[in-house]
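Below are the chains, spelled out letter by letter.
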Amino acid sequence: MTLAIYYHIKNRDADRSLDIFDERLHPLTREKIPEEYFEHDPEHEFIYRFVHTLFSAALLTADCAVVTLVYLERLLTYAEIDICPTNWKRIVLGAILLASRLWDDDAVRDVEYSQILKDVTVEDMNEMERHVLELLHFNINVPFSVYAKYYFDLRSLAHDNNLNVLFTPLTKQRARNYEAISRLCDDEYKDVCRAAMRRSFSADHFIGIRRSNAILS
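Residues numbered from 1 in each chain as written. Predicted model: local features only at pLDDT ≥ 70, side-chain atom pairs only at ≥ 80, totals over all residues. Heavy atoms only, no water.

- Where an unreviewed UniProt entry is consulted, the chain appears under the name Cyclin-Y-like protein 1 isoform X5, with the organism given as Balaenoptera acutorostrata.
- What UniProt states about the chain under its Sequence similarities (unreviewed entry) heading is, verbatim, "Belongs to the cyclin family. Cyclin Y subfamily." (UniProt positions renumbered as here; feature names shortened; annotations may be inferred.)

Here is the structure:
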């Protein structure tokens, strides 16, 4: 999953972003980050360490990693933004927050994530998760057919890059279990999604869209 994120950053065509994901406006640490940090693409190992720290501390599953990538790619498409040095951490964190809440029964909650990321407030994480949900147009269901496609694509990506990753086989029982979880997740958010869709979201609900000039690579 982290390798897919790395290639999304590396192969982007521009640096379109939203303020809510801009780490310069909403830092994840109190430490002063030099501006040069945001001028260079992160290496894959750096992305892996960030994600691995969250997944290990929050006891998240491999299924959650796949769903995180599904949400991340939907977000880039629906919001018409790019994942780049200034926003990749917050985009990834937002996708993990939503995926873990919906798809992982044992997942920690925002208040516990704030203990992992000690300089990030619960309010900031709640706001970011809400933005992700709205930007996804509340399309949070992931059918098994979509999951399976991502599973095999990630397995091929790992193989092509000589990564020794163990993938749990996709058995019929696992497919049935996944479909059951998918239906439960869909039902869990159905009422809140309907209520939110009935509301007219004004520009004040969003923290402002800020797009940079396209930088062709």
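Moving on, there is more to tell.
Re the layout of surface pockets
- Computed from the structure, the largest pocket encloses a volume of approximately 650 Å³.
- Around the largest pocket, the lining is made up of 26 residues, and of these M1, Y48, A62, A65 and V165 lie nearest the centre.
- Those elements that provide at least two residues to the lining of the largest pocket are α1 (2-10), α2 (44-58), α3 (62-79) and α7 (144-160).
- The biggest single contributor to the lining of the largest pocket is α2, with 6 residues.
- Grouping the amino acids of the lining of the largest pocket by side-chain chemistry returns 18 nonpolar, 6 polar and 2 charged. (1 Å grid on protein atoms, 1.4 Å probe; cavity = no way out; pocket = protein on both sides within 12 Å on 5 of 7 lines; lining within 4 Å. Points joined across faces, edges and corners; volume = space filled by probe spheres on them. Helix = DSSP H or I, 4+ residues; strand = E, 2+ residues; numbered from the N terminus. Nonpolar A, V, L, I, M, F, W, Y, C, P; charged D, E, K, R; others polar.)

Considerations on the pattern of salt bridges
- Under the definition given, this model contains 12 salt bridges.
- For the salt bridge of R12 with D15, the shortest nitrogen-to-oxygen distance reads 2.5 Å.
- Classification of R12 as buried rests on a relative accessible area of 16%.
- A salt bridge links R90 to D124; the nearest nitrogen and oxygen atoms lie 2.9 Å apart. Residue R90 is found in helix α4 (residues 88-103), and its partner D124 is found in helix α6 (residues 122-135); the two are separated by 34 residues along the sequence. (Salt bridge = Lys/Arg side-chain N within 4 Å of Asp/Glu carboxyl O. Buried < 20%, exposed > 50% of the residue type's maximum accessible area, 1.4 Å probe, protein only.)

Considering the side chain of H131
- Note that H131 resides in helix α6.
- A polar contact is formed between the side chain of H131 and the backbone oxygen of E127, at a distance of 2.9 Å. (Polar contact = N/O pair within 3.5 Å; in protein donor to acceptor, adjacent residues only side chain to side chain.)

Some words on the packing of α1 against α3
- Running from amino to carboxyl end, α1 crosses α3 at an angle of 15°, the nearest separation of the two axes being 11 Å. If you check the angle between α1 and α3, you find them roughly parallel. Viewed along their axes, α1 and α3 form a crossing whose handedness is left-handed. Where α1 abuts α3, its residues A4, I5 and H8 lie against L69, L72, E73 and L76.
- Looking at the contact of α1 with α3 residue by residue, the class counts come to 5 nonpolar, 1 polar and 1 charged. (Axes fitted to C-alpha atoms, helices over the stretch in contact; angles between N-to-C directions. Parallel < 35°, antiparallel > 145°, perpendicular 65-115°, else oblique. Left-handed = near helix turned anticlockwise from the far one by under 90°. Contact = heavy atoms within 4.5 Å.)

Observations regarding unusual backbone geometry
- In the Ramachandran plot, E80 falls in the positive-phi region, its phi being about 55° despite a non-glycine side chain.
- Among the secondary structure elements, E80 is positioned in the loop between α3 and α4.
- Phi angles above zero are rare outside glycine, and H137 is one such case at about 55°.
- If you trace the backbone, H137 turns up in the loop between α6 and α7.

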